Amino acid sequence: QVQLVESGGGLVQPGGSVRLSCAASGFTSDYYTIGWFRQAPGKEREGVSCITNGDGSTYYKDSVKGRFTISRDSAKNTVYLQIISLKPEDTAVYYCAFDVRRTRCTRRFMRDDFASWGQGTQVTVSS
């Protein structure tokens, strides 16, 4: 029922920036959580960031702090992930995930059991 539409991925140079978006629709809850995950070639999917209006918390994986910024446009039901100073190791398929059951964003809750997932958007960092 929930639809997540992602955009913003593509081929970028090292040191560049991208802004990924995740627009959510098909739900009625006033409260929801959006997580961003990524999966690099040959590696497991990992949670990188999260935002919720349940308790207002955000989460960032330690290795991306300072370069990744998550934000929300409540009027558009859209969550953004701004990435600066891109590194080749950021190359991955980035997925957004949606869940109304989560009310906080912590490392503990960055699991693969989010209720809905987007199709993924490829970010390739290469010169």
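Everything below is about the structure printed above this text.
This is a predicted model, so every value here is computed, not measured. (Residues numbered from 1 in each chain as written. Predicted model: local features only at pLDDT ≥ 70, side-chain atom pairs only at ≥ 80, totals over all residues. Heavy atoms only, no water.)

Colleague: Could you give me a rundown of the state of the cysteines, with the residues and numbers involved?
Modeller: Following the criterion strictly, the structure yields two disulfides and no others. Sulfur-sulfur distance for the disulfide between Cys 50 and Cys 105 comes to 2.0 Å. Between Cys 50 and Cys 105, the disulfide has an S-S torsion of -55° and is therefore left-handed. A residue pair is termed long-range when its members are at least 10 positions apart, and Cys 50 in strand E5 (residues 46–52) and Cys 105 in the loop between strand E9 (92–99) and strand E10 (116–117) qualify at 55 residues. The connectivity of the disulfide bonds within the protein chain can be written as 1-3, 2-4, using the sequence rank of each bonded cysteine. (Disulfide = S-S within 2.5 Å. Helix = DSSP H or I, 4+ residues; strand = E, 2+ residues; numbered from the N terminus.)

Colleague: Help me get a handle on the nonpolar core, residues and values and all.
Modeller: The tendency in soluble globular proteins is for nonpolar side chains to be buried side by side. Membership of the largest hydrophobic core comes to 27 residues, with the highest contact counts inside it found for Leu 20, Ile 34, Trp 36, Phe 68, Leu 81, Ile 83 and Tyr 94. Contributions of two or more residues to this core are made by strand E3 (18–25), strand E4 (33–39), E5, strand E7 (68–73), strand E8 (78–83), E9 and strand E11 (121–125). (Core = buried A, V, L, I, M, F, W, Y, C linked by side-chain atoms within 4.5 Å. Buried < 20%, exposed > 50% of the residue type's maximum accessible area, 1.4 Å probe, protein only.)

Colleague: Describe the pairing of E4, naming the residues involved and giving the relevant values.
Modeller: E4 sits mainly inside the fold: six of its seven residues count as buried. As paired elements, E4 and E5 share six bridges and run antiparallel to each other. Residue pairing in the sheet places Arg 38 in a bridge with Glu 46 of E5. The loop that links E4 with its antiparallel partner E5 comprises six residues; one of these, Gly 42, has a positive phi angle of about 75°. Bridge analysis of E4 against E9 gives seven bridges, and the strand direction is antiparallel. Paired with Trp 36 across the bridge in E9 is Cys 96. (Pairing = 2+ DSSP bridges.)

Geometric descriptors of this kind do not, in isolation, establish any biological role.
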